[in-house]
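What the coordinates show
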Amino acid sequence: MKKSSLPILVRKTDFIIFGVLAAVAVICLVFLKMQNTKGDFAEISIDGKALTIVDLKNDDVLRIDGIENVEFEIKNGKISIKSSDCADKVCEKTGFISDVNESIVCLPKKLTVVIKSENDDIGNFDGIVG
Ligand SMILES: [Zn+2]
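Analysis parameters
Counting restarts for each chain, with residues numbered from 1 along the sequence as it is written. Confidence filtering applies because this is a predicted model: local features only for residues at pLDDT of at least 70, side-chain atom pairs given and counted only at 80 or more, and all residues used for totals across whole chains, interfaces and linings. In this text, helices come from DSSP runs of H or I with a minimum length of four residues, and strands from runs of E with a minimum of two, each type numbered from the N-terminal end. Burial in this document is a count-based property: other C-beta atoms within 10 Å of a residue's C-beta are tallied, and the residue is buried at 20 or more, exposed at 12 or fewer, or partly exposed in between, with C-beta positions derived from the backbone. Any residue pair is listed as a contact if its two C-beta atoms, each placed from the backbone, are within 7 Å. A set of buried Ala, Val, Leu, Ile, Met, Phe, Trp, Tyr and Cys residues, joined through C-beta atoms within 7 Å, is what we mean by a nonpolar core. When DSSP finds two or more bridges between two strands, those strands count as paired. Axis definition: a line fitted to C-alpha atoms, over the contacting stretch in the case of helices. Angles run 0 to 180 degrees between N-to-C directions.

Looking only at helices and strands, one finds 2 helices and 7 strands in the chain. Along the chain, helices (α) and strands (β) appear in the sequence α-β-β-β-β-β-α-β-β when read from the amino end. Counting over 130 residues, the chain shows a buried share of 19%. A sequence separation of at least 24 residues applies to 35% of the contacts in the chain between residues at least 6 apart.

Here you go:
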């Protein structure tokens, strides 16, 4: 048995382990990506309380009762805050979101917009806006 064969064997084993780990990582990433599906609705909340659900199927620019001076825009299944009179405008800068669990937050107004899918429990609302 040659002395040099052992380190090569170890290196090969390391390579296989690395390859398996890399494959597992890729599978995890693909799985996460698959879970990152497009949402059907946006849940709009103030101070943690859901005010309404907006359907993302219909392009629209709308205002929500109870949220002053904020305009929402729905386009191509995505939603954004088109305009807001808050100080930092972080919510406007967030732009359009469309993936489930993506969110827009407006801290000054305690406003959150979270994307939900049809499979989520979207609560009992009288009607769906949009
Ligand atoms: Zn804001």
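What follows deals with the nonpolar core. Core analysis: the largest hydrophobic core is formed by 18 residues, its most contacted members being Ala 42, Val 54, Leu 56, Phe 72, Ile 79 and Ile 81. When residues no more than four places from it in sequence are discounted, the contact partners of Leu 56 are Gly 39, Asp 40, Phe 41, Ala 42, Ile 74, Gly 77, Lys 78 and Ile 79.

The next subject is the sheet that holds strand E3 (residues 60–62). Strand order in this open sheet of 3 strands is E3-E4-E5, and the pairing throughout is antiparallel. Taken across any chain shown, the strands that pair with only one partner, and hence form the sheet edges, are E3 and strand E5 (78–84). Recorded for the sheet is a direction-independent mean angle of 20° between the axes of neighbouring strands. One ladder, built from 3 bridges, connects E3 with strand E4 (residues 70–75); its direction is antiparallel.

Our focus in this paragraph is the sheet that holds strand E6 (residues 103–106). Taken together, 4 strands build an open sheet; the order of strands is E2-E1-E7-E6 and the sheet is antiparallel. With one partner strand each, in any of the chains shown, strand E2 (49–55) and E6 form the two edges of the open sheet. Averaged over all pairs of adjacent strands, the angle between their axes in this sheet comes to 20°, without regard to strand direction. Of the pairings in the sheet, the one linking E6 to strand E7 (residues 111–116) comprises 4 bridges and is antiparallel in character. Bridge pairing in E7 places Cys 106 opposite Leu 111.

Our focus in this paragraph is the pairing of E2. Sheet topology note: the strand E1 (residues 41–46)/E2 ladder contains 6 bridges and is antiparallel. Residue pairing for E2: Ile 46 is matched across the bridge by Lys 49.

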